[in-house]
There are 2 protein chains.
Amino acid sequence: MPDHHDRLDPAQGETAADLSSGDGKTSANGKAQPAPSVPHPRHDGSAPGPLVLIGGATDPQGDALGCFLHLAGARQGGKIVGITTASANPLHSAQEWTEVFAQAGADNVEIPVIDRRDRAQDRAIAALLRSADGILLGGGDQVQLVSTLGGSRVGRALREAHAAGVVVCGTSAGAAALTETILAGGEPDEYGQMHEMYIGPGFGMLGFRAVIDTHFAQRRRLQRLFMVVAQNPELMGLGIDEDTALVVQGHLGKVVGRGSVTFVDGRGVRFDNAEECMRGEAPLTLSYLRVGIIGARYSFNLQERELENLVRARAHEEETPVVRGERAEEFAARSVAGG
Amino acid sequence: MPDHHDRLDPAQGETAADLSSGDGKTSANGKAQPAPSVPHPRHDGSAPGPLVLIGGATDPQGDALGCFLHLAGARQGGKIVGITTASANPLHSAQEWTEVFAQAGADNVEIPVIDRRDRAQDRAIAALLRSADGILLGGGDQVQLVSTLGGSRVGRALREAHAAGVVVCGTSAGAAALTETILAGGEPDEYGQMHEMYIGPGFGMLGFRAVIDTHFAQRRRLQRLFMVVAQNPELMGLGIDEDTALVVQGHLGKVVGRGSVTFVDGRGVRFDNAEECMRGEAPLTLSYLRVGIIGARYSFNLQERELENLVRARAHEEETPVVRGERAEEFAARSVAGG
């Protein structure tokens, strides 16, 4: 089999979200200490908190949710605040999430039921978010989530908490809502014809011109992501599989969990008929999108839109050593002069 | 919306398979003539026949099958010979195809039931194939098809008929069997883990290092095609949707029918762990594959692995005209001398 490419050690990816480290609440002898009633926040406010972007269908015992709980210190009493505003039934979802967290070993959980705009103005809920060690945004409809919270006191508190270093986890619609530009609706039928794609503003806590799609392998959504990137070639599509997290810290995103994250980069697109296609006049035609797949344990450089392995390898590329004969330089000089 | 790419007229694609032209059996006044009992072959033997590669689930009234019938002159009495060897029940499939052809208006159909190797040595069947105006390879198991016919009299007759100009249509397994390298089994589970991928030799009537996957959008097979191309970066993956044909003549393939054809080019792949992945040790990770989508009416240049629009546009690229001041050349010359 040909080997046109280097195979590098993925271990460097650990920097993105070091899941093996302690969380500051484990004593030197390795035993967990009793959960404090008011845990110390793990963040020091010097940088935005990590984003744990999950593709939906979260397993309470899985690595994806586990990563969020770890970063929030939730199993050691860290306070989780949940927002189920994306759900068609925020109260019911709040009850379900409380159960999921209990199964996962996290008990210090509060989920205010923010089911309409006036509740998003509640000062007490805004204060609750600012006191959280981790914030969860549940699934449902990302447009409903953004339109209910956007510009409200709770919406501002969410952004401020994240900016101050609190880890924010979004799953399904909760992940899709976190980018500057969000995508909704517009699922293609099985022949790639689109129906009413929605592209609008999101919370903007994940930059890099990213747009997130979730339930990715499971709902066969590559065509939808192709469409939005073909139509907006500056965007970077991120398709996250179910029960899988892209854990973003700074410009690095590490994949954790059962599936993969697919990235779609349209900057090299050379031809497409996306506009014609959006009008339903023709099936999508394009050449070409760069598509890569990031499996668990690997890290993705969101700035460079490239596997971090490759970015690092390039940064350390050395000139290939060449053994030369005695008069090689002399001949080389002549060749330059003559040419 | 940004417009980083040219939008070109797809009409040039007509050259790949001109479906609007008559087939030589229509008189000058436009009326169809009576079907001759022994139709004249439409091919002159100077070039291989077209290949009509269909992604399965063929609609008897659809454009994909219609294109094959047109090229074979089947509605004007052209003789269709079918091969249902890929099927788990070749006799039953032969009866079904006879019905499909009857619905589509093609009556001069013969489908010998080649259900085992000794029947593939039948001289009469080999002669029948050589007398055909069009040959259909039905669906089922491409490995069974190739292993039953490969190197047999019928297998050789199939290749010879195609080489002499007879149109060959393969659908599903019948299409997948036509490349030099074929792909079977090895469907990934929903998290991208592969199971027993088979890669082996095919009939080789379609070159260009292509490998074909069918039922493409419908069976969510992009991940499987990614895997085989990541593992064999010199191959070009072609994923054909159901009831959709890639009609290949020479180095051009035109898309006809309900869906699209997706191409995957691995020559630029920069990192992958396909080997580790095939051993089940890790989920697939790679950067990057070039992926393009070819909608109906567009043509793909198999040689260049690029939309024919773009290949033509490049071939006719003109230098951008520049209006220069009187002494610009003088300054330019000085600049070269000085630098």
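Values in this document were obtained by computation on a predicted structure and should not be read as measured data.

1. A closer look at the interface of chain B and chain A
So, step 1. Listed as interface residues are 56 residues of chain B and, on the opposing side, 55 residues of chain A.
So, step 2. Linking chain B to chain A there are two salt bridges.
So, step 3. In this structure, Glu306(A) and Arg270(B) form a salt bridge, with 3.3 Å as the shortest nitrogen-oxygen distance.
So, step 4. Where chain B touches chain A, the interface holds 12 residue pairs in polar contact (both at pLDDT 80 or more).
So, step 5. Listed by contribution, the elements that provide at least two residues to the side of chain B that touches chain A are helix H7 (222-231), strand S13 (271-272), helix H8 (274-278), strand S14 (286-294), strand S16 (306-307) and helix H9 (308-315) of chain B.
So, step 6. The greatest single-element share of the side of chain B that touches chain A, amounting to nine residues, is contributed by S14(B).
So, step 7. In terms of residue class, the side of chain B that touches chain A is made up of 26 nonpolar, 14 polar and 16 charged.

2. Describing the relation of the copies chain B and chain A
So, step 1. For the pair chain B and chain A, the superposition axis carries a translation of 0.1 Å, the fit reaches an RMSD of 0.2 Å, and the rotation angle comes to 180°. The superposition operator between the copies reduces to a two-fold rotation axis. It is Arg290(B) whose C-alpha, among those of chain B, lies nearest the rotation axis, at 2.5 Å.
So, step 2. Here 98% of the interface residues in chain B have copies in chain A that are interface residues too; the copies meet face to matching face.

3. Regarding the pairing of strand S4 (residues 134-137) of chain B
Residue and element names in this part refer to chain B.
So, step 1. By the alternation rule, side chains of S4 split into Gly134 and Leu136 and Ile135 and Leu137, which are all buried.
So, step 2. As paired elements, strand S2 (residues 80-83) and S4 share four bridges and run parallel to each other. Its bridge partner being in S4, glycine 82 is matched across the sheet by leucine 136.

4. Considerations on the sheet that holds strand S5 (residues 167-171) of chain B
All names here are of chain B.
So, step 1. Taken in spatial order, the nine strands line up as S3-S2-S4-S5-S1-S10-S11-S15-S16 in an open sheet, and their pairing is mixed. Each of the sheet's edge strands pairs with one partner strand only, and the pair in question is strand S3 (109-110) and S16.
So, step 2. Here strand S1 (residues 51-54) runs beside S5; their pairing, made up of four bridges, is parallel. In the strand pairing of S5, isoleucine 54 is matched with threonine 171.

5. Brief notes about the packing of helix H1 (residues 63-72) of chain B against helix H2 (residues 90-103) of chain B
Residue and element names in this part refer to chain B.
So, step 1. Packing of H1 against H2 leaves a shortest axis separation of 11 Å and a crossing angle of 80°. The angle between H1 and H2 falls in the class roughly perpendicular. For the pair H1 and H2, contact is made by Leu65, Phe68 and Leu69 and by Trp97, Val100 and Phe101, respectively.
So, step 2. Across the contact of H1 with H2, the residue classes break down as six nonpolar, no polar and no charged.

Rules used in this analysis
- Residues numbered from 1 in each chain as written.
- Chains lettered and ligands numbered in written order.
- Predicted model: local features only at pLDDT ≥ 70, side-chain atom pairs only at ≥ 80, totals over all residues.
- Heavy atoms only, no water.
- Contact = heavy atoms within 4.5 Å.
- Salt bridge = Lys/Arg side-chain N within 4 Å of Asp/Glu carboxyl O.
- Polar contact = N/O pair within 3.5 Å; in protein donor to acceptor, adjacent residues only side chain to side chain.
- Helix = DSSP H or I, 4+ residues; strand = E, 2+ residues; numbered from the N terminus.
- Nonpolar A, V, L, I, M, F, W, Y, C, P; charged D, E, K, R; others polar.
- Least-squares fit on C-alpha atoms with pLDDT ≥ 70 in both.
- Buried < 20%, exposed > 50% of the residue type's maximum accessible area, 1.4 Å probe, protein only.
- Pairing = 2+ DSSP bridges.
- Axes fitted to C-alpha atoms, helices over the stretch in contact; angles between N-to-C directions.
- Parallel < 35°, antiparallel > 145°, perpendicular 65-115°, else oblique.

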